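Chain by chain, the residues:
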Amino acid sequence: MSAPFARFRRKRLHPVLRDLVRETVLTTDDFIYPLFIRSGKEVRNEVASMPGVFQMSIDVAIKECQSLKDLGLKAIILFGIPDVKDSVGSDAMCEHGIIATALREIKAAHPDMLVITDLCFCEYTDHGHCGILDPKLQTVNNDLTLQNLAKQAIVHAKAGADMIAPSGMMDGMITAIREGLDSAGFSHIPIMSYSTKFASAYYGPFRDVAESAPSFGDRRSYQMDPANRREAILESLEDEKEGADILMVKPALAYMDIIRDIKEASDLPLAVYNVSGEYSMLKMAAKAGVIDYERVMMETLLGFKRAGADIIISYHAKEAAKLLRKGWKL
């Protein structure tokens, strides 16, 4: 007589059967790899708080793209570190700025690489905030910044960007960018919106590599309150209404519930950003000898997919790709 309980283990005994019934799979097609670009030649500066992550000059980034392609990685997102910063982030809107220049040279060398640009001003302003400041309110002036985001998007599109990824969390940013791109003849360029981006403490190491820490205050007046679930969903749904092609949750690890909520609320593809603090925690835990780094890394990435992510932006992408090529299984 059969036991009065389910025998779930029957499907786990044979490794081939486990593979047959596996619900979530990681592949190299899931990843976007971030690159941080600065001026110079043969520049490859490792960031102390993010082992294995580098600031690169364009010539080094071009070589890096070939290494990525050799691993099966086909998409990058660019962040710029300009030589000169000012109050409005002029370099971000300049056709000869660091990102526009990098775009032209990388696309010339690797036309098959999907090149995405982060669209924001925090790396380009001398105050480290994500747009033009409102001195009275001591925060970013939303509507003036929208005009500059549209200008920045057009410069990137002209230089060869395959997709634009606005990250500043300005209200109405997708409408402004979409209208700007369409009016300039770039209606074919998709927008991947950082649609639900939280004011998170997990961004600390990124500010080291991007040299983008605010000179005063923080970004809680425009990024999402980590405590708010319903508002987080509304932020992404509004960007969908405004014309975003892909939505995003950032950070990922502490916001698995939000990833699932948005995945269930929208039919658009969903990206997550596995941010610098998440990356560095695993690196430092591995250095301390308290985790099996490769297994924890891959379990974390698989968790993002299981929660609902279609795309994962991650500094782990190269390491994950190497393991996947070897036939890795958790």
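The present account deals with the structure reproduced in this document.

Because side chains alternate across strand β10 (residues 247–250), one face comprises the buried residues Leu247 and Val249, and the other comprises Met248 and Lys250, equally buried. Of the pairings in the sheet, the one linking strand β9 (residues 196–197) to β10 comprises 2 bridges and is parallel in character. By the bridge assignment for β10, Lys197 is matched with Lys250. Bridge count for β10 against strand β11 (residues 270–274) is 3 bridges, and the pairing is parallel.

In this model, the largest pocket occupies a volume close to 220 Å³. Around the largest pocket sit Phe8, Lys11, Arg12, Arg18, Val21, Arg22 and Glu23, which together line it. A breakdown of the residues in the lining of the largest pocket according to their chemical character gives 2 nonpolar, no polar and 5 charged.

The next thing to look at is the pattern of salt bridges. Evaluation of the coordinates by the stated rule reveals 12 salt bridges. For Lys107, the salt bridge goes to Asp162, with nearest N and O atoms at 2.8 Å. Placement of Lys107 in helix α3 (residues 98–109) and of Asp162 in the loop between α4 (142–159) and β8 (163–166) is noted, with a sequence separation of 55 residues between them. In this structure, the salt-bridge partner of Arg229 is Asp261, at a minimum N-O distance of 2.6 Å. Taken together, the positions of Arg229 in the loop between α6 (204–209) and α7 (230–242) and Asp261 in helix α8 (residues 256–265) put the pair 32 residues apart, joining distant regions of the chain. Its relative accessible area of 12% is what places Asp261 among the buried residues.

Glancing now at unusual backbone geometry. That bond from Lys250 to Pro251 is cis: its omega, -5°, falls within 30 degrees of zero. If you trace the backbone, Pro251 turns up in the loop between β10 and α8. In this model, Glu42 sits at a positive phi of 55°, which is unusual for a non-glycine residue. With respect to the helices and strands, the residue Glu42 is situated in the loop between β1 (31–38) and β2 (44–47). The backbone of Gln138 sits at a positive phi, close to 55°, despite the residue not being glycine. Positionally, Gln138 belongs in the loop between β6 (133–134) and β7 (139–140). On the accessibility criterion, Gln138 (48% relative accessible area) is partly exposed.

All right, on to the side chain of Thr28 then. Inspection of the secondary structure assignment puts Thr28 in the loop between α1 (15–20) and β1. The exposure class of Thr28 is buried, given its relative accessible area of 17%. Within polar-contact distance, the side chain of Thr28 engages the backbone oxygen of Gly72 at 3.4 Å. Setting aside chain neighbours within four positions, we find Thr28 in contact with Leu71, Gly72, Leu73, Ala321 and Leu324.

Here we take up empty space enclosed by the protein. Think of a ball as big as a water molecule: rolled over the atoms, this probe shows where empty space is left. The final tally for this structure, using the stated rule, is 2 cavities of 30 Å³ or more. Computed from the structure, the largest cavity encloses a volume of approximately 140 Å³. Its volume calculated, the second largest cavity comes out at about 30 Å³. Taken together, Tyr33, Pro34, Leu35, Phe36, Val53, Phe54, Met56 and Tyr315 make up the full set of residues lining the second largest cavity. Here the lining of the second largest cavity is built from residues that sort into 8 nonpolar, no polar and no charged.

Here α8 crosses helix α10 (residues 293–307) at 30°, and the two axes come no closer than 8 Å. Our classification of the angle between α8 and α10 gives roughly parallel. Side by side, α8 and α10 meet where Met256, Ile259 and Arg260 of the first sit next to Thr300, Gly303, Phe304, Arg306 and Ala307 of the second. Looking at the contact of α8 with α10, its residues break down into 4 nonpolar, 2 polar and 2 charged.

With that settled, consider the packing of aromatic side chains. All told, the structure shown has 7 aromatic pairs when counted by the stated rule. Taking the centre distance of 4.0 Å and the plane angle of 15° together, the rings of Phe198 and Tyr255 count as stacked. Of this pair, Phe198 sits in the loop between β9 and α6 while Tyr255 is found in the loop between β10 and α8, placing the two residues 57 residues apart along the sequence. Among the aromatic residues, those joined into a cluster by ring pairs are Phe36, Phe79, Tyr194, Tyr273, Tyr279 and Tyr315. Sitting above the plane of the Tyr203 ring, Lys197 keeps its charged end 5.9 Å from the centroid. One cation-aromatic arrangement involves Lys250 over Tyr203; the distance from NZ or CZ to the ring centre is 5.0 Å.

Rules of the game
- Residues numbered from 1 in each chain as written.
- Predicted model: local features only at pLDDT ≥ 70, side-chain atom pairs only at ≥ 80, totals over all residues.
- Heavy atoms only, no water.
- Buried < 20%, exposed > 50% of the residue type's maximum accessible area, 1.4 Å probe, protein only.
- Helix = DSSP H or I, 4+ residues; strand = E, 2+ residues; numbered from the N terminus.
- Pairing = 2+ DSSP bridges.
- 1 Å grid on protein atoms, 1.4 Å probe; cavity = no way out; pocket = protein on both sides within 12 Å on 5 of 7 lines; lining within 4 Å.
- Points joined across faces, edges and corners; volume = space filled by probe spheres on them.
- Nonpolar A, V, L, I, M, F, W, Y, C, P; charged D, E, K, R; others polar.
- Salt bridge = Lys/Arg side-chain N within 4 Å of Asp/Glu carboxyl O.
- Polar contact = N/O pair within 3.5 Å; in protein donor to acceptor, adjacent residues only side chain to side chain.
- Contact = heavy atoms within 4.5 Å.
- Axes fitted to C-alpha atoms, helices over the stretch in contact; angles between N-to-C directions.
- Parallel < 35°, antiparallel > 145°, perpendicular 65-115°, else oblique.
- Phe/Tyr/Trp six-rings, centres within 6.5 Å; stacked < 30°, edge-to-face > 60°.
- Lys NZ or Arg CZ within 6 Å of the ring centre and 35° of its normal.

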